[in-house]
Amino acid sequence: MSTTDTRRGGSTLGAGQAIWLVAEREIGSKLRSKAFVISTAILFIGALALVIWGGFQAANNSGTPVAVTADAQQYVAQAEGLDVTDVADRAAAEALVKDGEVDAAVVGDSSSPLGFAIIAESSAPTSLMLQLAQVPPVELLAPEEGNAALGYIAAVGFGIVFLLAASLFGGTIAQSVVEEKQTRVVELLISAIPVRSLLAGKVIGNTVLAMGQILILAAIAIIGLTVTDQTALLQGLGAPIAWFAIFFLFGFILLASLFAAAASMVSRQEDIGSTTMPLTMLVMAPYFLVIFFNDNPLVLAIMSYVPFSAPVGMPMRIFLGQAQWWEPLLSIVILMATCVAAILVAARIYENSLLRMGGRVKLSEALAG
């Protein structure tokens, strides 16, 4: 068989059969790996325990602890969900807030048109504001920028799931490509399967596994919140989780293709980091951005349209209610277009580098052929 035939794959299999054959091989090798199965089981058990623990903690909350002065009693008389501590005056209320015994204090305030004010340490409890059904003046004893705990938890959840899944499977794809080059197995594979079918099969097989993990984690979140009777929170998370799964699908295909292409440019496991480091940084960036800027609408808006961070940024904006109905649709179109472009570039690099052994292949050479 000539070199040209080998590179193109002198296969009698159809493209679909060849791709699925490789995908089955990828899925089977992962499911037979004890390390993969054990780590996945630990991930699921930990996620279930965290969701249930958080749900029970919320359910066991007897109410927002507040201190109330005598001249402000009438303003909280009809409010529900409050654990009220009566205090003699404003000074006593401030002392309880500073000591952390209450989350906030409601005191009479003749200068306020509402007749009362809220005193808090660093942020006023949202639940208290909602219970009072109006917006009184808020005095912060120690002002600091912050965000709701629930928003922070959601940011951590979306960020860490994307980071773990993309880095784990991306690294696995890269190692698999280099291992096949080192052992010369790739020469046997492409004698029966076209090079691009080999790439597509690797990407699809790992995408199936990654999406399986994401869907199971989503099911765990739904089960945990249902068991702990957190239906309100479940309703709030439903749409963001669904959008996260959609964005993750295309975002993962984009990254998986690039990881495979980057790995094909080297012939030793020790050299993988030199070509995949930029991709690793792209995977890590959304996690750190959403952790540090989860309360910054501008940063989240930018993240939601950048293809590599959209799988984290857009679901977070949907959860916070910052995204208009058309924004996820526009963002997914941008992500899909970028995904197609990345696949075409990755396929060219992969095809031109896969059979080149020895030193690292330069990116310009891989693109030129």
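Here's a quick rundown of the structure. (Residues numbered from 1 in each chain as written. Predicted model: local features only at pLDDT ≥ 70, side-chain atom pairs only at ≥ 80, totals over all residues. Heavy atoms only, no water.)

**Points about the pairing of strand β4 (residues 116-120)**
Note on strand geometry: in a regular strand, side chains alternate between the two faces of the sheet. To keep it simple, the criterion reads: For each residue, the accessible area found with a 1.4 Å probe, counting protein chains only, is set against the maximum for its type, and the residue is called buried under 20%, exposed over 50%, and partly exposed in between. Helix and strand definitions here come from DSSP, where helices need a minimum of 4 consecutive H or I residues and strands a minimum of 2 consecutive E residues; each element is numbered from the N-terminal end. When DSSP locates at least two bridges between a pair of strands, those strands are taken to pair.
Burial runs high along β4: five of the five residues are buried. Of the two faces of β4, both are covered, the one formed by Phe116, Ile118 and Ala120 as well as the one formed by Ala117 and Ile119. Relative to β4, strand β3 (residues 104-108) runs antiparallel, the two sharing five bridges. Within the sheet, the bridge partner assigned to Val107 lies in β4 and is Ala117.

**A look at the packing of aromatic side chains**
The relation between two aromatic rings is expressed through the spacing of the ring centres and the mutual angle of the planes. Our working rule: The pairing test for Phe, Tyr and Trp rings, Trp by its six-membered ring, is centres within 6.5 Å, and the orientation test on the planes gives stacked under 30 degrees, edge-to-face over 60, and tilted for anything in between.
Per the stated rule, a full pass over the model turns up nine aromatic pairs. Relative to Phe288, the ring of Tyr287 lies with its centre 5.2 Å away and its plane at 75 degrees, an arrangement referred to as edge-to-face. Judged by its relative accessible area of 19%, Tyr287 is buried.

**Comments concerning helix α11 (residues 272-292)**
The test is simple: In this scheme, a helix's expected span is set at 1.5 Å multiplied by one less than its residue total. Bend is computed residue by residue as the angle between axes fitted to the seven residues ending at the residue and the seven residues starting at it.
When the terminal C-alpha atoms of α11 are compared, their 30 Å separation across 21 residues agrees well with the 30 Å that a helix rising 1.5 Å per residue should span. Along its length, α11 reaches its greatest deviation from straightness, about 40 degrees, at Pro278. Those residues of α11 not exposed but buried are Ile272, Thr275, Thr276, Leu279, Val283, Pro286, Tyr287, Val290 and Ile291.

**A look at unusual backbone geometry**
Even without a glycine there, the phi angle at Arg184 is positive, about 65 degrees. Residue placement: Arg184 occurs in the loop between α7 (149-182) and α8 (185-192).

**Considering helix α2 (residues 15-31)**
Taking 1.5 Å of rise per residue, the 17 residues of α2 would be expected to cover 24 Å, and the 24 Å separating its terminal C-alpha atoms lies within 8% of that figure. If you check which residues of α2 are buried, you get Ala18, Val22, Ala23, Glu26, Ile27, Gly28 and Lys30.

**Concerning the pattern of salt bridges**
Put simply, the rule reads: The rule for a salt bridge is simple: a side-chain nitrogen of Lys or Arg has to be within 4 Å of a carboxyl oxygen of Asp or Glu.
Tallied over the entire structure, the rule returns 11 salt bridges. Here Glu187 ties to Arg184 by a salt bridge, and the two come within 2.8 Å at their closest N and O atoms. Residue classification places Glu187 among the partly exposed residues on the basis of a relative accessible area of 32%. Residue class for Arg184 comes out partly exposed when judged on its relative accessible area of 44%. A salt bridge links Asp271 to Arg268, with the shortest nitrogen-to-oxygen separation between them at 3.0 Å. You can call Arg268 partly exposed: its relative accessible area is 44%.

**Focus: the nonpolar core**
Defined as follows: Here, nonpolar core refers to any group of buried Ala, Val, Leu, Ile, Met, Phe, Trp, Tyr and Cys residues whose side-chain atoms link them within 4.5 Å. Residue contacts are defined here by distance: any two heavy atoms, one from each residue, within 4.5 Å place the two residues in contact.
Counting 72 residues, the largest nonpolar core has Leu198, Phe248, Val290, Tyr350 and Leu354 as its most contacted members. Per-element tally for this core: the top contributor is helix α10 (residues 231-263), with 16 residues. In this structure Leu354 touches Val177, Lys181, Val186, Ile190, Val195, Leu198 and Ser264, once residues within four positions along its chain are discounted. Counting residues in hydrophobic clusters, the runner-up holds 12 residues, among them Val66, Ala72, Val106 and Phe116.

**Comments concerning a nonpolar patch on the surface**
The cut-off we apply is this: Residues form patches when they are more than 30% accessible in relative terms and have no salt bridge. Like charges link within 9 Å. Nonpolar side chains (Val, Leu, Ile, Met, Phe, Trp, Tyr) link within 5 Å. All accessible-area figures derive from a Shrake-Rupley calculation using a 1.4 Å probe, and residue coverage is judged against the displayed protein chains alone.
Residues Phe288, Leu289, Phe292 and Phe293 make up a contiguous nonpolar surface patch of roughly 380 Å² in combined accessible area. Tracing the backbone shows Leu289 in helix α11.

**Thoughts on the side chain of Ser304**
Worth spelling out the cut-off: Any pair of N or O atoms that falls within 3.5 Å is considered a polar contact. Within protein, one atom must be able to donate a hydrogen and the other to accept it, and sequence-neighbouring residues count only if both atoms are side-chain atoms.
As for its placement among the helices and strands, Ser304 is situated in the loop between α12 (297-303) and α13 (310-320). Classification of Ser304 as buried rests on a relative accessible area of 0%. A polar side-chain atom of Ser304 sits 2.6 Å from the main-chain carbonyl oxygen of Ala301. Here Arg317 takes part through its side chain, which lies 3.2 Å from a polar atom of the side chain of Ser304. For Ser304, the residues in contact, after removing those within four places along its chain, are Ala310, Gly313, Met314, Arg317 and Ser331.

All quantities given are derived from atomic positions and should not be read as evidence of function.
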